[in-house]
Structure formats: C-alpha cells, structure tokens
Amino acid sequence: MLQCTAVTLLPPDAVLRLTAPGADGPDAPEPYVLCELGTHDKQRTEHAAYLRPGRTPDSPALWFFWTGSGPERTHRAESTPWCPALLRRLDSGAVRRCALFDHHPASHSWDVTDPLGDLMAERLVPGDSPEG
C-alpha cells in the first residue's frame, strides 16, 4: 500500500512548544508534517504524523492528527500508545514492531511504502554515472 501524500503545516503554537528549550536536537520536528499512514479515506479518517517519542521506547509517543485543509482544517496533538502488532519472520527470527499508533486505520507500517523516499534512499552503483 502506498503512503498517504497529505502534508500540513504545524500550527505556530505547536511549533513553539515542540521547539522550546530542551525540545531541539535530532528529534525536533519540522514546521510541516507528512501523513505516515497508508492511503486512506481522507474525508472520514484523520491524517497522522509522528512528532516525538515517549520517555521510554514503550511509552506513548506524541502524534499530530488532522483533517481537512485551509480554514476547515481541524487538528490535535496527542500522546498515543504504540500499535502492539509484531511482524515475525520465521526464517530469520527477526521481529519488527509496527511504527504507527495503536488502533490506526488501514495497514501496519511494514505494509506502507513511500516510493519517493525509496527513490531518494537508493544508492548509486559504484562507477554508475549519468554519462554511462
């Protein structure tokens, strides 16, 4: 399933709270967020963007939820527990946790693909160049 393409600006007061002293560093959010869910019904389902982890890996994380756009946009920021779903690979024994919030709509994070992100993350083959 492809990732939702909805993007929105964070409200100025949220940006100030999130970038207050002690909130900066590598986990500080950008002033805009991208929905991290798989494609979904944009009229009936809130978009969701991960903002900041909880105090421990298992504690609730801060997420930003929104619907609509422009003056009709409604939003909220909420600490939400993680989805408890696990993907177990029997051949390797690897376990992967869903990277979304509990009770999220649609697919788990391992089923959501971001083609643009994948394209940007590809490595060029050594010696490969546009000139051939």
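A short tour of the structure in this document, coming up. This structure is a prediction, so every number in the text was calculated from the model and none was measured.

Quick notes on the nonpolar core
Line of reasoning, step 1. Counting 22 residues, the largest nonpolar core has Val33, Trp63 and Trp66 as the members making the most contacts within it.
Line of reasoning, step 2. Broken down by element, the residue count for this core peaks at six residues, all from strand β4 (residues 61–67).

Here's the deal with the sheet that holds strand β3 (residues 47–52)
Line of reasoning, step 1. With antiparallel pairing, the three strands of this open sheet are ordered in space as β3-β4-β5. At either end of the open sheet lies a strand with only one pairing partner, and these are β3 and β5 (74–80). Adjacent strand axes in the sheet meet at a mean angle of 25° when their direction is disregarded.
Line of reasoning, step 2. Two strands pair when backbone bridges link them, and β4 and β5 are joined in this way by seven bridges, in the antiparallel orientation. Within β5, the residue paired with Thr67 across the bridge is Thr74.

Some thoughts on unusual backbone geometry
Line of reasoning, step 1. Here the phi dihedral of His103 falls at roughly 65°; this positive angle occurs in a residue that is not glycine.
Line of reasoning, step 2. Within the fold, His103 resides in the loop between β7 (95–97) and α2 (115–121).
Line of reasoning, step 3. Residue classification places His103 among the exposed residues on the basis of a relative accessible area of 70%.

Looking at the side chain of Gln3
Line of reasoning, step 1. Tracing the sequence through the fold places Gln3 in the segment before β1 (7–9).
Line of reasoning, step 2. A distance of 2.8 Å separates a polar side-chain atom of Gln3 from the backbone oxygen of Cys35.
Line of reasoning, step 3. Sequence-distant contacts of Gln3, defined by excluding residues within four places in its chain, comprise Leu34, Cys35, Glu36, Leu37, Gly38, Thr39, Val112, Thr113 and Asp114.

A few points about the packing of aromatic side chains
Line of reasoning, step 1. This structure, assessed with the given rule, holds six aromatic pairs.
Line of reasoning, step 2. Here the aromatic rings of Trp63 and Phe101 are separated by 5.2 Å at their centres, their planes lie at 70°, and the arrangement is edge-to-face. One end of the pair, Trp63, is in strand β4; the other, Phe101, is in the loop between β7 and α2, and 38 residues separate them in sequence.
Line of reasoning, step 3. Here Phe101 falls in the buried class, since its relative accessible area comes to 7%.
Line of reasoning, step 4. When the ring centre of Phe65 is taken as origin, the NZ or CZ atom of Arg76, which lies over that ring, is 4.2 Å away.

Observations regarding the pairing of β4
Line of reasoning, step 1. Counting buried positions along β4 yields six of seven residues, so the element is predominantly enclosed.
Line of reasoning, step 2. In this sheet, β4 lies alongside β3 in antiparallel orientation, the contact comprising five bridges. Counted as the bridge partner of Tyr50 is Trp63 from β4.

What counts, and where the lines are drawn
Residues numbered from 1 in each chain as written. Predicted model: local features only at pLDDT ≥ 70, side-chain atom pairs only at ≥ 80, totals over all residues. Heavy atoms only, no water. Core = buried A, V, L, I, M, F, W, Y, C linked by side-chain atoms within 4.5 Å. Buried < 20%, exposed > 50% of the residue type's maximum accessible area, 1.4 Å probe, protein only. Helix = DSSP H or I, 4+ residues; strand = E, 2+ residues; numbered from the N terminus. Pairing = 2+ DSSP bridges. Axes fitted to C-alpha atoms, helices over the stretch in contact; angles between N-to-C directions. Polar contact = N/O pair within 3.5 Å; in protein donor to acceptor, adjacent residues only side chain to side chain. Contact = heavy atoms within 4.5 Å. Phe/Tyr/Trp six-rings, centres within 6.5 Å; stacked < 30°, edge-to-face > 60°. Lys NZ or Arg CZ within 6 Å of the ring centre and 35° of its normal.

Scope: geometric values only; no functional claims are made or implied.
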